[in-house]
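Residue strings, one per chain:
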Amino acid sequence: MGDVRGFMQFGRKHHDNEPIADRLKHYNEFMKILPVAELQEQGARCMDCGVPFCHTGCPLGNIIPDFNDLAYRGQWRDALDRLHATNNFPEFTGRVCPAPCEAACVLGINEDPVAIKEIEMSIADRGFDEGWIEAEPPAVRTGKRVAVVGSGPAGLAAAQQLNRAGHLVTVFERSDRPGGLLMYGIPDFKLEKSRVWRRIKQIEAEGVEFRCNANVGVNVQVAELREQYDAILLAGGSTQARDLPIPGRDLKGVHFAMEFLPQQNKRNQGDTIPGDVSLAATGKHVIVIGGGDTGSDCTGTSNRQQAASVTQFELLPTPPDLGHFPRRDQRPDHTPWPYWTMMLRTSSSHEEGCDRHWSVLTKEFRGDDEGNVQSLVTVTIEWYKDDSGRQSFREVEGTTREWPCQLALLAMGFLGPEKRGAIEELGLELDPRGNVKCNAEYMSSVEGVFAAGDLRRGQSLVVWAIHEGREAARSVDKYLMGVTHLPSAGAGDFAWR
Amino acid sequence: MRNAPSNPGLPARDGLYDPANERDACGVGFVVHMRGEKSHAIVRSGLEILVNLAHRGACGCDPLTGDGAGILTQIPHEFFAAVARGLGFELPAAGDYAIGTIFLPPNYEEGQFCRQQLERFIAAEGQQLLGWREVAIDNGHIGETAREVEPCIRQVLIARGKGTPREMFEWKLYVIRKQLEGVVANSGLLHRKYCYVPSLSSRIIVYKGLMLPDQVERFYGDLADERFTSALALVHQRYSTNTFPTWDLAQPFRYLAHNGEINTLRGNVNWMHARRSMLASEKYGADLKKILPVCTPEASDSAIFDNVLEMLVVTGRSLPQAMSMLIPEPWAGHESMSDEKKAYYEYQACLTEPWDGPASMAFTDGISIGAVLDRNGLRPSRYWVTKRGMVVMASEAGVLDIPPGEIESKGRLRPGRMFLVDTSQGRIIGDSEIKSGFASRRPYRQWLNENQVTLADLPLPLGEGRGEGGSVNGDSRHKSNGRADDSLRRLQRAFGYTLEDLRIIMAPMATDGYEPVGSMGNDAPLAVLSDRPQLLYNYFKQLFAQVTNPPLDAIREEIVTSLITTIGSEGNLLEETPEQCRLLRLEQPILTNAELAKIKALDRPGLKSRTLSILFPRAEGPAGMQRRMQALREEASRAMAEGVTLLILSDRGVNAESAPIPALLAASGVHHHLIREETRTRCGLIVETADAREVQHFALLTGYGAGAVNPYLAFDTLGQMQAEGYLPADVPLEKLQKNYVKAVGKGLLKVMSKMGISTQQSYRGAQIFEAIGLNSEFIDEYFTWTASRIEGVGIETIAEESLRWHESAYPRADVPRNLGLDVGGQYQWRRKGEAHMFNPEVVAKLQHATRINSVADFKKYCELIDKQERQLLTLRGLLEFKPGRPIPLGEVEEAKHIVKRFATGAMSYGSISKEAHETLAIAMNRIGGKSNTGEGGEDPARYTADPNGDRRSSAIKQVASGRFGVTSEYLVSAEELQIKMAQGAKPGEGGQLPGHKVDKEIARIRHSTPGVGLISPPPHHDIYSIEDLAQLIHDLKNANRQARVSVKLVAEVGVGTVAAGVSKGKSDVVLISGHDGGTGASPFTSIKHAGIPWELGLAETHQVLVKNNLRSRIVVQTDGQLRTPRDIAIAAMLGAEEWGIATAALVTLGCIMMRKCHLNTCPVGVATQDLELRKKFAGKPEYAVNFFFLIAEGLREIMASLGFRTVDEMVGRVDLLDTRKAIGHWKARGLDFSALLKKPEARPGVKTYCCEAQDHGIQNSLDVTTLLRACEPAIERREPVKLDLPIRNVNRTVGTILSSEITRRHGRDGLPEDTIQLNFRGTAGQSLLAFGVPGVTVRVEGDVNDYCGKGLSGGKVIVYPPRESSFKPEENIIAGNVVLYGATSGEVYLRGIAGERFCVRNSGAKAVVEGVGDHGCEYMTGGEAVILGETGRNFAAGMSGGVAYVLDEHGRFATLVNMEMVDLEDLSNADDQRAVLELVRKHVEYTGSTRGRHVLDHWPQIISKFVKVMPRDYKRALAELKKANEEAASRGVPVGELQEVANG
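Please read all numbers here as calculations on a predicted model, not as lab measurements. (Residues numbered from 1 in each chain as written. Chains lettered and ligands numbered in written order. Predicted model: local features only at pLDDT ≥ 70, side-chain atom pairs only at ≥ 80, totals over all residues. Heavy atoms only, no water.)

## A word on the overall build of chain A
- Helix and strand counts for chain A come out as 19 helices and 16 strands.
- What you see for chain A is a C-alpha radius of gyration of 23 Å, in line with the 23 Å of a compact globule of 497 residues.
- Viewed in the frame of its principal axes, chain A has a C-alpha envelope of about 65 × 60 × 55 Å.
- Buried positions account for 59% of the 497 residues belonging to chain A.
- Residue pairs in contact within chain A that sit at least 24 positions apart in sequence constitute 66% of those at least 6 positions apart. (Helix = DSSP H or I, 4+ residues; strand = E, 2+ residues; numbered from the N terminus. Rg over C-alpha atoms; globule rule 2.2 N^0.38 Å. Buried < 20%, exposed > 50% of the residue type's maximum accessible area, 1.4 Å probe, protein only. Contact = heavy atoms within 4.5 Å.)

Listed below in structure tokens is the structure:
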């Protein structure tokens, strides 16, 4: 397959970015896509492994070697089909997925891994450019109705799959626009919203009904849903943010990241945010608490809003700096190849200007007389294993420090779905982590009510959400029809009874 | 009275033991007086031959019980006249009475019963009983085992009845005997198996029994009587693979003695059965019914062949003609056979298929006696004619001591040729005379012309496209929007096509015309264990030849193969009429759509086709398939009743409502139905199917009776693939389809040749398969007589699988659309595809655990593998331990002892990198286990230890068919010598190291040329049967007395029987490999479909060895995807005390199962020779050491829990294994392991693990008794030694121990030339100077047998006829087959002709000879051969190096050369002239050759008659080398360094 010696001839290449100074001037994506010939070379680097470890890296079970080869040979149409067979939205994952597949790539043992994500994105973009991605309404309707609650990646994937199985699907979205995190969580510079809209239009054209501003359990009655639909699939995400209950938390200027980020996405779509709730980093010293992706998004957004400075704290210690693509023998023993490597990662947002600190514990916010945050106080901590072998930390004496800060953004992760509303009303059982508890077939403790995505598995990656949506849709279809022909990542494509 | 005897013969089926698997081989010989002069001396000579062939037989656990021996002579009238007088009656004239030698049950009443029955039939057939005679026997000296089941031996004397004309007498005797056999077989006698008729004839008489050759004469007192005279004597000495006492299987049979094996037996018997309703004869009338069944049920292959031969002869064909029908020459592609003869064979092929397999058959009707050799010349047969008119033929030269001066001529049987002495005519009748005799009797060519039809003769019906394949409705092209056509995709899905089928299997076939190649082993589950629906084809495993018969090389020895078949309605075997060839002749069994259309349109007398649908309604579910099968069979019968002679089974027309029956089920089901109805031979069976696409499918369809297959969907798929860019756009589709058909044909030949079968005609219906996971009800109904030993699924599940695929093609509401094809995942792991034992998680965990030596991580890894509840990937996954009586862990044998029982697999340096190979060796040496060289030789630099004490030398040195780098030094440096008979990934096949992997260093070690690909032949050319293997074991034991010898076999049904033969052949170890072992390169067909899991093979081996009382003297080792302590424990409990782990060990060193070994692109430096990639190797010996200790510690835990203190205690303890209930699994729930878990009864006090040493009999060898002592001054002090000694054929492997001692003391350079000169007179036994070293020169005045100079490593052999001989040396045979096999250096001079395969795989020796047989210089990679005379056919096949110079005086040579790899040049080059001159000069000097003298005397004129045979690649490599040398010289590098590289 492909060029068997391609990996010996070509080095890894992926897109360049616009210069930082230029890209900070706008909110759009800033990638400079590789020319087709070079992309095909990148496809040629795939070694067509007997055991493609990239597969285990990918929750969707993307058949990575196959589409790499098709890309290499310029069979873009087939490549797109191959991708769509396992992934409803490759243009999203091609942009925002951290690519565990690449961490698991066999070539990554001793070379830079294959640029899988780059290839995936190009195939998907090509599909839209060529007009290949059209609505595929089902040939026959089953007459069954399914309500999907939540229109993030899990909800969208489930809706599309269920609709293709012939069911009539209605998607309920509490926000004013559909798309969930894709629409309001991820900044445009990582995923332009036109791409999200494009997909939603396709799904709509296939026959799925979207109802926005429809908050199930608030302005849509659960009982109504139960009555009107043969099955309900909850995909509302993990939206309950982790808080930081320390002195000064109530000060103005201390906000959750998810209060901050959506505003910019709305502005980018022409909305005006009322002045009393509008948040902006412009001219401020911004401190982002939490070292993950959301924090990074806050950083990129703050810099675009021309913050005076951006600083980011992380409670955990500094991970080892292993460069971009550590070789197998460089990876730590507890996260060996082909698993996701514990290492220092620097995002494009970080590159744009960010002061990063690790092992930092925020103790207190301090404000001015008007209740605006002005600074925050931290202490450095050290990590150790306690007697029971658990990781634990203690404060290091004499490390207290005060930082100037006019906007503090809390990006410390999420604690599961909000329980008020649908979950409470349906009386769903929860798992110990507060997520909706389901059986192996994605059904909750209530007959006919299913759950998928972060709401079920806890906060995770977009790629996992799509996976959950697809698999849950398969279970719903089987529940409704007794048999399903929808595909699954694990078990293959045979009918499931 | 004796105690009630136990029954003789083979035991009944028990556990995995099946008597049907028993095999034998032997020595055979005859002596005859040409003019028919009877004498007692002839009988004596016969007995002497027998004794001199003793080493070709074997004896079992009881040293006095042989495997059987016997003699057939003419009836000595004088002797029996006297006998009769003694009994009180007078004998009629010779010829008017018959004598039967009868074995009877020892029990009086039962014996009486048999006698009375015989008397009854004698009377009923109008013959006259003269009387009974008690045969004088002396059983005092025969073995106890033999005596226990000795029959009561009587002779019956019968006078020809008055109403019976002379020419009908033999027929009547035959009818009497057949009826007796029938009545006894169906009687309720407890000891009916004793009753057997060795002979009942008016011409010949047989004396035989379960004895050693020297016991025959003493046992049968008659034979010593001077009045016991005969003009001919046929003798046979048997070597059987078992130790069960069988008197009846001793040979000769009534018409023949056979050395070899019939590979196609199952098919032949089936066809004979099917033919019986067609037997008809006015002459024999109602008597014909009395001879049924023709074939004795459950008899040996030779006995059944004898049955059929007998039937053909007694019904009127001459013995030679009957022989030529059953064992025809390869006529189809013969370049020089007369058309008349070709027509004869072609006509006979319409009557009966060949009985295929290695065979030297000696046959006689009491008047003429002769012999025939199989088409490939795989058994040795030499003959001598004396001046007094005596002819002696035997498996070896030198079996009778005849003064040299009396010899008129010496010859050998040639492949496919016949040799006949007719005592009535008093002369030898040569092959061409015999055959032109019967070829000209009838106008066969005319008959064929007028009746036989070829596809080219048939008109194409209107409306049919002329394309090669054609398409379904012509819609295989692309739709718009760049997307593949949907309807074709659906069809593909319905028939289980996967992306892999297209990309991995079909694309290479269509592009290159070859079967695709892959690497590493198969770690996907058996079909019955797979959670996915499987094609029925996947439940069958190809059988293959190992040890008891050789596989063939269908590529290099294509001349003996043929894909031609005839289909239609066969006639009456007893007649020859023009109508009998009214058949359709196909050049090969794959039909294009157009060709099938022609057949469908056929409607003429005798050739009328009808298409029957094999679809069933989906709505009826699985039961619908069974109903349709039933209806289909009825339709078939009805069609035939209406005169249809070509049945076409078709699955065209699949749609959402109609699902297909698997084509294989339909074909075999109808085939067996018609066999049962005895109408099968009246029609041809053609399959029009979408499901056949890979070689295995076509092999199965034809193997179960289909005459031709039209794979229409495969053809359409190729069109689609081209449109989609998977196939080159610039090649016409027709060409791609043609390539595909060609690849299938080649693949079929390969599958056939694995079993040693060379013609499609005899492969058809031969059922060379074993089923795994099909229940007996299903097998008995549709695949009758196929072995299937662990039960499994039946027709319901097969239907269910078919329906699952169908449903995936036509799902409800078309959901989902555009899914494309299934990913498959058989060949490469895919998340959505088939499960594999080595998935990413497993590889990652194993590597991590062994790198950091973590018990915890290793346990996680083991859990992943052993966690079989959810995924049953292996048979052992279904086993579990019964609760034992636990002991403290501390009481279990220590890990450091256990690890010594581990070996790594045979991976050659060449297939894997130097780094990987040496790391593994170091690791194994550190723990005291054994690594294996593989078949690529070993760098002598590795024989010295590293400064840190590490040793890089592999303990096991493998000896494979290629014999690369197998020198005396290599052998002497081994702890174990492993004979690789087969390899799990490609049993029955040779290997190939592609040229791009042969770098300078590998070429040096393999004694070959850089950049030139290397071929390992499928068979060892010195092992065509079990007694040959015993000989090689003996040779290797001679080459290194301190090493243990091991034989590597691959699991298949009957492997236990072979292993018993191996144990009898004195091997110290037998390795049973699973089918799933790794490979550096194999066809996928072989990786996936040949061989069976080791669990079955090992259990069978252990059971059969214990049953035969052979277990305690052989170590049993097993390998094949072993990975965890649990695997090892189960292996031990099933019977293995040692274990091999290769793939997993390689994984610890970094292998990540890329499966790219064959492409040289391994990205982790394990299986590549690329310099850059090799740098990436990151393995350390510690990782492998950790691995083996982690396994051993895990094993100890299991041992403690079960209560075993030592591994020895654990061996064979199946009683502590249980079957896990697989109730939940939709397929595996039908499995039944009771045969696998059967514990064989050992005799009291006998151990069931290896605890005794084999007796190799080395102490009696000439080397030990004489040579070592006499040569001591040379060995110790390098002083010259010269000896004059007699030599006989029983002196085997002479000079080999001597050579090994020289190597031990003096290294590979040995001693100065001619330091030791051994001058022999007589006939040397096999393997003269095998692995002989520099300084040893052997002269033989006389002749030599097979394998002379095998593995020669610098020694010199000179052979010339005795001075007294009067024949012309250059016209007579002086050396046997396979001279200089695998020689690496040294010289051989033969004044005379050598047999087949002269210089096969020679890589450095020089030789001069005066003529050779077929396949000369085959696979040669180096050295020089000068042939001063004629050669046989297929010269230089697979010859990739070295040079041959052939004196071609008659200008015929060019037609005899296989030109695939060589060019023919003249001798204009001065260097060549010098080379030839020098060798011929030496030849004349050493042998006194007049032929050589003539060449020297006429040199200038004769130069032009020489042809130089030059391998093309070799020439290129030499040119490159020369250039490199010149460049090096200009840089000042010593030339010697580079020269060494080219020592090929």
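## Considerations on the nonpolar core
All names here are of chain B.
- The biggest cluster of nonpolar side chains holds 312 residues, and the ones touching the most others in it are F540, L647, F902, L1049 and W1139.
- The leading source of residues in this core is helix α38 (residues 1181-1202), at 13 residues.
- Residues in contact with W1139, not counting those within four places in the same chain, are I898, R901, F902, A903, Q1117, T1118, L1122, I1128, A1131, A1132, L1195 and V1207.
- With 111 residues, the next largest nonpolar core counts F79, F80, V294 and L326 among its residues. (Core = buried A, V, L, I, M, F, W, Y, C linked by side-chain atoms within 4.5 Å.)

## Let's talk about the environment of G15 of chain B
All names here are of chain B.
- Take G15: it is sitting in the segment before β1 (24-33).
- It is 49 Å that separates the C-alpha atoms of G15 and E167, two residues lying 152 residues apart in sequence.
- When neighbours within four sequence positions are excluded, G15 is seen to be in contact with Q1103, A1235 and K1238.

## Some words on the packing of aromatic side chains
Residue and element names in this part refer to chain B.
- Under the counting rule described, the total for this entry stands at 41 aromatic pairs over all chains.
- Note on F103 and W247: the rings are 6.1 Å apart at their centroids and 85° apart in plane angle, and the pair reads as edge-to-face. Of this pair, F103 sits in strand β3 (residues 97-104) while W247 sits in the loop between β8 (232-240) and β9 (256-260), placing them 144 residues apart in sequence. The same class applies to F103 as to W247, namely buried.
- On the basis of an interplanar angle of 45° and a centroid distance of 5.1 Å, the ring pair of F902 and F1188 is categorised as tilted. On the criterion of sequence distance, the pair formed by F902 in strand β32 (residues 902-906) and F1188 in helix α38 is long-range, its members being 286 residues apart.
- An aromatic cluster is built from F79, F80, F103, Y196, Y207, F219, Y220, F228 and W247, whose rings are joined through pairwise contacts.
- We note R693 situated over the ring of Y497; from NZ or CZ to the ring centre the distance is 4.1 Å.
- Positioned over the ring face of Y1347 is K1350, at 4.7 Å from the centre of the ring. (Phe/Tyr/Trp six-rings, centres within 6.5 Å; stacked < 30°, edge-to-face > 60°. Lys NZ or Arg CZ within 6 Å of the ring centre and 35° of its normal.)

## Considering the environment of H1450 of chain B
Residue and element names in this part refer to chain B.
- Considering the arrangement of structural elements, one finds H1450 in the loop between β53 (1441-1447) and α43 (1453-1456).
- By relative accessible area, H1450 is classed as exposed at 54%.
- Sequence separation of H1450 and E1430 is 20 residues, and the distance between their C-alpha atoms is 8.6 Å.

## Remarks on the confidence of the model for chain B
All names here are of chain B.
- Looking at chain B as a whole, the pLDDT averages 92, with 96% of positions reaching at least 70.
- Across residues 466-482 the pLDDT falls below 50, and counting only partners more than four positions away or on other chains, this stretch makes 40 contacts in the model.
- In the predicted structure, residues 1535-1544 sits below a pLDDT of 50 and forms 20 contacts with residues beyond four places in sequence or in another chain.
- The complex model carries a pTM of 0.94, and its ipTM stands at 0.95. (pLDDT = per-residue confidence, 0-100.)

## Some remarks on the packing of helix α10 (residues 153-164) of chain A against helix α19 (residues 462-481) of chain A
All names here are of chain A.
- Across the interface, α10 lies against α19 with an axial gap of 7 Å and an inter-helix angle of 35°. The handedness of the crossing between α10 and α19 is right-handed. From α10, P153, A154, A157, A158, Q161 and L162 reach across to α19, where they touch V462, A465, I466, G469, R470, A473, V476 and D477.
- Residues that form the contact of α10 with α19 fall into these classes: 10 nonpolar, 2 polar and 2 charged. (Axes fitted to C-alpha atoms, helices over the stretch in contact; angles between N-to-C directions. Left-handed = near helix turned anticlockwise from the far one by under 90°. Nonpolar A, V, L, I, M, F, W, Y, C, P; charged D, E, K, R; others polar.)

## Focus: the interface of chain B and chain A
- Listed by partner, the interface residues are 55 residues for chain B and 66 residues for chain A.
- With both chains or domains summed, chain B and chain A bury close to 5,100 Å², and 52% of this area falls on carbon and sulfur atoms.
- Looking at the side of chain B facing chain A, the largest losses of area belong to R812, R831 and K832 of chain B, adding up to 17% of the total buried there.
- Counting across the interface, chain B meets chain A through 6 salt bridges.
- D1170 of chain B is the salt-bridge partner of R5 of chain A, the closest N and O atoms lying 2.9 Å from each other. (Buried area = accessible area lost by both parts, 1.4 Å probe. Salt bridge = Lys/Arg side-chain N within 4 Å of Asp/Glu carboxyl O.)

## Some thoughts on the sheet that holds strand β16 (residues 427-429) of chain B
All names here are of chain B.
- The 5 strands are arranged β9-β10-β11-β15-β16 in an open sheet whose pairing can be described as antiparallel. Two strands lie at the open edges of the sheet, namely β9 and β16, each paired on one side alone. Between one strand axis and the next, the sheet turns by 15° as a mean value, whatever way the strands run.
- Across 5 bridges, strand β11 (residues 368-373) lies against strand β15 (residues 418-422) in antiparallel orientation. (Pairing = 2+ DSSP bridges.)

## Things to note about the side chain of N538 of chain B
All names here are of chain B.
- Secondary-structure assignment places N538 in the loop between β18 (517-518) and β19 (540-542).
- At 2.8 Å, the side chain of N538 and the side chain of Q534 are in polar contact.
- Not counting residues up to four positions away in its chain, the partners in contact with N538 are A527 and H1089. (Polar contact = N/O pair within 3.5 Å; in protein donor to acceptor, adjacent residues only side chain to side chain.)

## Here's the deal with unusual backbone geometry
- With an omega dihedral of 5°, the bond running from W337 of chain A to P338 of chain A counts as a cis peptide bond.
- Cis peptide bonds are those with omega within 30 degrees of zero, and the linkage from L292 of chain B to P293 of chain B qualifies with -5°.
- Position of P293 of chain B relative to the elements: it lies in the loop between α8 (287-290) and α9 (301-314).
- At A99 of chain A, a residue that is not glycine, the phi angle is positive and equals roughly 65°.
- Mapped onto the elements, A99 of chain A comes out in the loop between α7 (90-96) and α8 (100-104).
- Positive phi is not limited to glycine here, since N213 of chain A has a value of about 50°.
- Examined against the element boundaries, N213 of chain A turns out to sit in the loop between β5 (209-211) and α13 (222-228).

## Some points on the sheet that holds strand β29 (residues 769-774) of chain B
Residues and elements named next belong to chain B.
- Taken together, the 3 strands give an open sheet; going across it, the order is β19-β29-β30, and neighbouring strands pair in mixed fashion. Edge positions in the sheet fall to β19 and β30 (787-793), since each has one partner strand and no second. On average, each strand axis in the sheet is tilted by 25° relative to the strand beside it, whichever way the strands run.
- Relative to β30, β29 is paired through 4 bridges, and the arrangement is parallel. In the sheet register, E770 faces β30, and the bridge partner there is A787.
- The strands touched by helix α19 (residues 695-703) are β19 and β29; relative to β29, the strand with the most contacts, the crossing angle is about 100°.

## Focus: the pairing of strand β55 (residues 1506-1511) of chain B
Residue and element names in this part refer to chain B.
- Within β55, 6 of the 6 residues are buried, leaving the element largely enclosed by the surrounding structure.
- Where burial is concerned, the two faces of β55 agree: the one with F1506, K1508 and M1510 and the one with V1507, V1509 and P1511 are both buried.
- Note that β53 and β55 share 4 bridges and pair antiparallel. When the bridges of β55 are listed, Y1445 appears paired with K1508.
- Here 4 bridges tie strand β54 (residues 1462-1465) to β55, and the two strands are oriented antiparallel to one another.

## Structural notes on the environment of P404 of chain A
All names here are of chain A.
- Among the structural elements, P404 can be located in strand β14 (residues 401-404).
- Along the chain, P404 and V373 lie 31 residues apart, while their C-alpha atoms are 9.0 Å from each other.
- Those residues within four positions of P404 in sequence are excluded, and the remaining contacts are H285, I287, Q374 and S375.

## Notes on α19 of chain A
Residues and elements named next belong to chain A.
- Along its 20 residues, α19 runs 28 Å from first to last C-alpha, staying within 8% of the 28 Å computed at 1.5 Å per residue.
- Of all 20 residues that make up α19, 17 are buried, and the element is covered over most of its length.
- The first or second residue beyond α19 is G482, which carries a positive phi of 85°. (Expected span 1.5 Å × (residues − 1).)

## Here we look at the pairing of β1 of chain B
Residue and element names in this part refer to chain B.
- Across the 10 residues that make up β1, a large majority, 10, are buried.
- By the alternation rule, side chains of β1 split into D24, C26, V28, F30 and V32 and A25, G27, G29, V31 and H33, which are all buried.
- Relative to β8, β1 is paired through 9 bridges, and the arrangement is antiparallel. Counterpart to D24 in the pairing with β8 is S240.

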